[in-house]
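Each chain, written out:
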Amino acid sequence: MNDQFMAEAIRLSRIKMRTNCGGPFGAVIVRQGKIIARGWNQVTSTNDPTAHAEVMAIRSACRKLGTFELAGCELYASCEPCPMCLAAIYWARLDKVYYGATRRDAARIDFDDALIYREIAKPPSRRLIPSQNLLRSEAVKVFTEWSRKADKTPY
């Protein structure tokens, strides 16, 4: 069964790449043995750098299920998820991830996320894109309010 879901993710990557939707990446989300959502890379067709296949599939699945978490679901991606997609997978609480090509395979065709992996490990002050902490005490006040909010939806 897993092979058919991966085959669908790969099929999406090929079809959408050929129609110039974006890069050669596809993903499906499966729940209880059925595909509930599909996603494909739409970075260049939507001018959205976050429109990766996995993120698009997660957005679609969450809309369909009416929830912000996907426990009980699995993701099949045509390629090993990048750092952004991996973070989205953890935030969505997916049960398992299957992938086809590796990040090294992607790097060979100029989709190299090694820089991002290296940057994440650095302290903010040493990253290539400068970061500066501003108005921390004001921002923390909002966090304090959130922690006391009786009607919040925790996640």
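Residues numbered from 1 in each chain as written. Predicted model: local features only at pLDDT ≥ 70, side-chain atom pairs only at ≥ 80, totals over all residues. Heavy atoms only, no water.

Observations regarding the overall build of the protein
The helix and strand inventory of the protein stands at 7 helices and 4 strands. Mapped in sequence order, the helices and strands of the protein form the string α-β-β-α-α-β-α-β-α-α-α. With respect to the three principal axes, the spread of C-alpha positions in the protein is 50 × 40 × 25 Å. Relative to its full complement of 155 residues, the protein shows a buried share of 32%. Across the protein, the fraction of contacts at a sequence separation of at least 24, relative to all contacts at a separation of at least 6, is 48%. Here the protein displays about 10,400 Å² of accessible surface, and carbon together with sulfur accounts for 55% of that area. (Helix = DSSP H or I, 4+ residues; strand = E, 2+ residues; numbered from the N terminus. Buried < 20%, exposed > 50% of the residue type's maximum accessible area, 1.4 Å probe, protein only. Contact = heavy atoms within 4.5 Å. Areas by Shrake-Rupley, 256 points an atom, 1.4 Å probe, with all protein chains shown as cover.)

Observations regarding the pairing of strand β2 (residues 34–40)
Regular strands place side chains that alternate from one sheet face to the opposite one. Relative to β2, strand β1 (residues 26–31) is paired through 6 bridges, and the arrangement is antiparallel. Bridge pairing in β2 places G26 opposite W40. Following β1, the chain reverses through 2 residues before pairing antiparallel with β2; Q32 in that reversal takes a positive phi of roughly 50 degrees. (Pairing = 2+ DSSP bridges.)

Focus on the layout of surface pockets
The gaps of empty space that remain are located by a probe, the size of a water molecule, rolled over the atoms. Reported here for the largest pocket is a volume of approximately 300 Å³. Lining the largest pocket are 16 residues, and of these F25, H52, C82, F111 and D113 lie nearest its centre. Each residue belonging to the lining of the largest pocket can be placed in one class, and the counts come to 10 nonpolar, 2 polar and 4 charged. (1 Å grid on protein atoms, 1.4 Å probe; cavity = no way out; pocket = protein on both sides within 12 Å on 5 of 7 lines; lining within 4 Å. Points joined across faces, edges and corners; volume = space filled by probe spheres on them. Nonpolar A, V, L, I, M, F, W, Y, C, P; charged D, E, K, R; others polar.)

Here's the deal with helix α3 (residues 53–65)
Compared with the 18 Å implied by 1.5 Å per residue over 13 residues, the 18 Å span of α3 between its first and last C-alpha is a close match. For α3, the elements touching its buried residues are β1, β2, β3 (73–79) and α4 (83–92). Within two residues after α3, G66 carries a phi angle of roughly 70 degrees, on the positive side. (Expected span 1.5 Å × (residues − 1).)

Focus on the side chain of S13
Note that S13 resides in helix α1 (residues 2–18). A relative accessible area of 7% places S13 in the buried class. A distance of 2.6 Å separates a polar atom in the side chain of S13 from the backbone oxygen of I10. Each residue touching S13, except ones within four places of it in the same chain, is listed here: P24, F25, G26 and S78. (Polar contact = N/O pair within 3.5 Å; in protein donor to acceptor, adjacent residues only side chain to side chain.)

Topic: the pattern of salt bridges
Enumeration according to the criterion identifies 8 salt bridges in this entry. D48 is paired through a salt bridge with R59; the nearest N and O atoms lie 3.9 Å apart. Of this pair, D48 sits in the loop between α2 (43–46) and α3 while R59 is found in helix α3, placing the two residues 11 residues apart along the sequence. A relative accessible area of 22% places D48 in the partly exposed class. (Salt bridge = Lys/Arg side-chain N within 4 Å of Asp/Glu carboxyl O.)

Some remarks on the nonpolar core
One finds I29, I58, L70, L75 and L94 to be the most contacted residues of the largest nonpolar core, which totals 23 residues. Those elements that provide at least two residues to this core are β1, β2, α3, β3 and α4. Examining the composition of this core, we find that 6 residues originate from one element, α3, more than from any other. Not counting the four nearest positions on each side in its chain, I29 is found in contact with K34, I35, I36, A37, A57, I58, A61, L70, C73, E74, L75 and L94. Within the second largest apolar cluster, 8 residues are counted, among which are M6, L12, V30 and Y76. (Core = buried A, V, L, I, M, F, W, Y, C linked by side-chain atoms within 4.5 Å.)

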